[in-house]
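Breakdown of the fold
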Amino acid sequence: MRGARPDEFNFNTNPSTPNIGQPTPPYPAGVGVGGGGRKKGVGVRSWLVLDSSGKPQPKEEGKHAIMRRTGLPARDLRILDPLLSYPSTVLGRERAIVINLEHIKAIITAQEVLLLNSKDPSVSPFIEELRRRILCHHHATKPQEEHNSEGEPQTGMDPAQGEAGRLQSSGDQGSEAKKDAKQSLENQDGSKVLPFEFVALEACLEAASSSLEHEATRLELEAHPALDKLTSKISTLNLERVRQIKSRLVAITGRVQKVRDELEHLLDDDEDMAEMYLTEKLAQKLEDSSNSSMNESDTFEVDIPQGDEDDRLPPEFASEANRDEGYLRANEAHDLLMSAHSALSRNSRGTHTSSTRSAMTNKLDVEELEMLLEAYFVQIDGTLNKLSTLREYVDDTEDYINIMLDDKQNHLLQMGVMLTTATLVMSAFIAVAGVFGMNITIELFKDEKAGPQRFLWTVIGGSVGSIFLYVGAIGWCKYKRLLE
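About the cut-offs
Residues numbered from 1 in each chain as written. Predicted model: local features only at pLDDT ≥ 70, side-chain atom pairs only at ≥ 80, totals over all residues. Heavy atoms only, no water. Helix = DSSP H or I, 4+ residues; strand = E, 2+ residues; numbered from the N terminus. Buried < 20%, exposed > 50% of the residue type's maximum accessible area, 1.4 Å probe, protein only. Contact = heavy atoms within 4.5 Å. Areas by Shrake-Rupley, 256 points an atom, 1.4 Å probe, with all protein chains shown as cover. Salt bridge = Lys/Arg side-chain N within 4 Å of Asp/Glu carboxyl O. Patch = residues over 30% accessible without salt bridge, like charges linked within 9 Å, V, L, I, M, F, W, Y side chains within 5 Å. Axes fitted to C-alpha atoms, helices over the stretch in contact; angles between N-to-C directions. Parallel < 35°, antiparallel > 145°, perpendicular 65-115°, else oblique. Left-handed = near helix turned anticlockwise from the far one by under 90°. Phe/Tyr/Trp six-rings, centres within 6.5 Å; stacked < 30°, edge-to-face > 60°. UniProt positions renumbered as here; feature names shortened; annotations may be inferred. Nonpolar A, V, L, I, M, F, W, Y, C, P; charged D, E, K, R; others polar. Pairing = 2+ DSSP bridges. Core = buried A, V, L, I, M, F, W, Y, C linked by side-chain atoms within 4.5 Å.

The helix and strand inventory of the protein chain stands at 12 helices and 6 strands. Burial analysis of the protein chain (484 residues in total) assigns 31% to the buried set. For the protein chain, the proportion of contacts with a sequence separation of at least 24, taken over those separated by at least 6, is 66%. For the protein chain, the exposed area adds up to about 30500 Å²; of that, 58% sits on carbon and sulfur atoms.

Listed below in structure tokens is the structure:
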């Protein structure tokens, strides 16, 4: 193999002295083989992170970092892309809830909320309201958590009962983790506190519904005077104002309809609602992990060679030790069954969840989320009804305007018929005058036989005859109901 020449890759990297007479490197520094160099920070966006205590923390993170943090696929993150126009969407995933409602673009997890367009002035009131709700939730659950942590008894154990106590505590660890997670959702007075994700979801729904309702109310206040003014005076300016109002009405109605359809879809699907129980699923994972660690400890205890223990014990006590060990294992199995039964009894009212969870032991009660969604569904439906009423009022005004225009058009047509009839009668009189105007010698044109009196009688008779013809024509049209 031929080695490289000494001057083949001898590049001058000093920026002050150019590479004169030296070969050009195959790729510039920092540029890959596949194409041009990518700018640093491409895809990085500004996120505002609100933790469970309501503390805001701005962060600059890219798409892949958000995917690792929330467990969302790239397809779901495209819904929040401000460069793409996606309709209103509420998605429940394994570890997060994706919210795209009007001006709110957020990702809700069991412990934090990530806001994308936090620098938008229209989002600032929502951020303050969300922080207030999170702080109230934190203050409502924190005393209960401190009470649970301080209320644990610290009692010593007899060395003879150490092994049985350790197995009993490991058996109850999973159920206690889930029990503590549920107890943290109760206030000191026993009232139910919504989970963190539902508090954030409620704030998003309230902000979106309030924004749509405010726009609908403002449009209604602008529409009624404009429509009333149009009915009193039909002009180009009034018609243009009504046209703009109708365009805004169609746009707002479409947005409200999309939010309503999304909420209706969630209410009709219990599995989608069950996917939004992030705190419950997190507690379930803790329970599953504790159960798996307990099983590993049981396997470790079972795999101890019995020969060594028998060697340490006298032969006459070997059978008695084996009986005690079997009795201990039976008690351990009984404790495991009791803890599983208690976990099932706490969740016996729920409906089916996603396919990733056990259909037997992991049933969630979606009643509280269903009540939450129904409240805002009714509010959105009321806004939609208000817009529908306004749309009917606009349609009625258009019908009234069209009737007025048709009436004016009918009057114009009647006037045209009358003028046409008058023109026809005058044409007949002109025809008579034309006949008398011919340069033909008759006795009527001789002065000694017919003087000015004959001329006057001829003019008067022709005029009266024309008038009678006109009146007769108009009377015939009214008789035939061609004229009013």
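Alright, that's what it looks like, and here's the rest.
Moving on, we come to the pattern of salt bridges. One pass over the structure, following the stated rule, counts 19 salt bridges. Of the charged contacts, one joins Lys258 and Glu262 as a salt bridge, the two residues approaching to 3.4 Å between their closest N and O atoms. Note that Lys258 and Glu262 are positioned in helix 6 (residues 236-268) at a spacing of 4 residues, about one turn of the helix. Since its relative accessible area comes to 11%, Glu262 is described here as buried. Counted as one network, the salt bridges with shared partners bring together Glu129, Arg132, Arg133, Glu202 and Glu206.

Time to look at a nonpolar patch on the surface. Taken together, the side chains of Val432, Val435, Phe436, Met438, Ile440, Ile442 and Phe445 define a hydrophobic patch exposed on the protein surface, amounting to about 610 Å² of accessible area. Tracing the backbone through its elements, the reader meets Met438 in the loop between helix 11 (367-436) and helix 12 (452-479). We classify Met438 as partly exposed; its relative accessible area is 46%.

Contact geometry for helix 6 and helix 11: axes closest at 9 Å, N-to-C directions at 150°. On the basis of their axis angle, the class for helix 6 and helix 11 is roughly antiparallel. At the point where helix 6 passes helix 11, the crossing takes the left-handed sense.

This brings us to the packing of aromatic side chains. One pass over the full model with this rule turns up 1 aromatic pair. Ring geometry for Phe198 versus Tyr277: centroids 4.9 Å apart, planes at 85°, classification edge-to-face. Of this pair, Phe198 sits in helix 5 (residues 196-232) while Tyr277 sits in the loop between helix 7 (270-274) and helix 8 (278-302); the two residues are 79 residues apart in sequence, bridging distant segments of the chain. On the basis of relative accessible area, Phe198 is assigned to the buried category, the value being 0%.

Relative to the helices and strands, Val250 is located in helix 6. Under the relative-accessibility criterion, Val250 is labelled partly exposed at 43%. Separated by 137 residues in the primary sequence, Val250 and Leu387 have C-alpha atoms spaced 9.0 Å apart.

Per the UniProt record, the feature "transmembrane region" (unreviewed entry) sits at residues 412-435 and 455-477. Along residues 412-435 the backbone is 100% helical and 0% strand, and the end-to-end C-alpha distance reaches 35 Å. Helix makes up 100% of residues 455-477 and strand 0%, with an end-to-end C-alpha separation of 33 Å.

We now examine unusual backbone geometry. Of note, the phi angle at Glu102 is positive, near 55°, even though the residue is not glycine. For Glu102, the location among the structural elements is in the loop between strand 4 (97-101) and strand 5 (104-108). The class of Glu102 is partly exposed, set by a relative accessible area of 21%. One non-glycine residue, Arg481, adopts positive backbone phi at about 60°. By the element assignment, Arg481 lies in the segment after helix 12.

One way to put it is that helix 5 packs onto helix 11 with a least axis distance of 10 Å and a crossing angle of 15°. As judged from the angle between their axes, helix 5 and helix 11 are roughly parallel. As helix 5 packs across helix 11, the resulting crossing turns out to be left-handed. The residue inventory of the contact of helix 5 with helix 11, partitioned by class, reads 21 nonpolar, 8 polar and 7 charged.

Glancing now at the sheet that holds strand 2 (residues 56-61). An order of 2-1-6-5-4-3 is seen for the 6 strands of this open sheet, with the pairing classed as antiparallel. If you trace the sheet from one side to the other, it starts and ends with strand 2 and strand 3 (89-92), each paired once. Each strand of the sheet is rotated relative to its neighbour by a mean of 20°, with strand direction disregarded. Pairing of strand 4 with strand 5, which is carried by 5 bridges, proceeds in the antiparallel orientation. Looking at strand 5, one finds that Val98 is bridged to Ile107. The strands touched by helix 1 (residues 63-70) within the sheet are strand 1 (45-51), strand 2, strand 5 and strand 6 (112-115), with strand 2 carrying the most contacts at an inclination of about 125°.

Attention shifts here to the side chain of His103. Within the element layout of this structure, His103 appears in the loop between strand 4 and strand 5. For His103, the residues in contact, after removing those within four places along its chain, are Asn117, Ser122, Val123, Ala207 and Ser211.

Residues Ile99, Val113, Leu115, Phe126, Leu130 and Leu369 are the most contacted members of the largest nonpolar core, which totals 59 residues. Take this core: its biggest share by element is 16 residues, from helix 5. Ile79, Leu91, Leu114 and Leu116 belong to the second-largest nonpolar core, a separate cluster that totals 13 residues.

This part takes up the side chain of Thr421. Summarising the element assignment, Thr421 is placed in helix 11. Of the residues examined, Thr421 reaches a relative accessible area of 12% and is grouped as buried. In this structure Thr421 touches Tyr470, Ala473 and Ile474, once residues within four positions along its chain are discounted.

Here the focus is the pairing of strand 2. Note: strand 1 against strand 2, 6 bridges, orientation antiparallel. Bridge pairing links Arg45 to Glu61 in strand 2. The loop that links strand 1 with its antiparallel partner strand 2 comprises 4 residues; one of these, Gly54, has a positive phi angle of about 85°.

Time to look at the pairing of strand 6. Here strand 6 shows two buried faces, one formed by Glu112 and Leu114 and the other by Val113 and Leu115. In this sheet, strand 6 lies alongside strand 1 in antiparallel orientation, the contact comprising 4 bridges. Within the sheet, the bridge partner assigned to Asp51 lies in strand 6 and is Glu112. Sheet topology places strand 5 next to strand 6; 3 bridges connect them, and they run antiparallel. Of the residues in strand 6, the one forming a bridge with Ile108 is Val113. The hairpin turn running from strand 5 into strand 6, its antiparallel successor, is 3 residues long.

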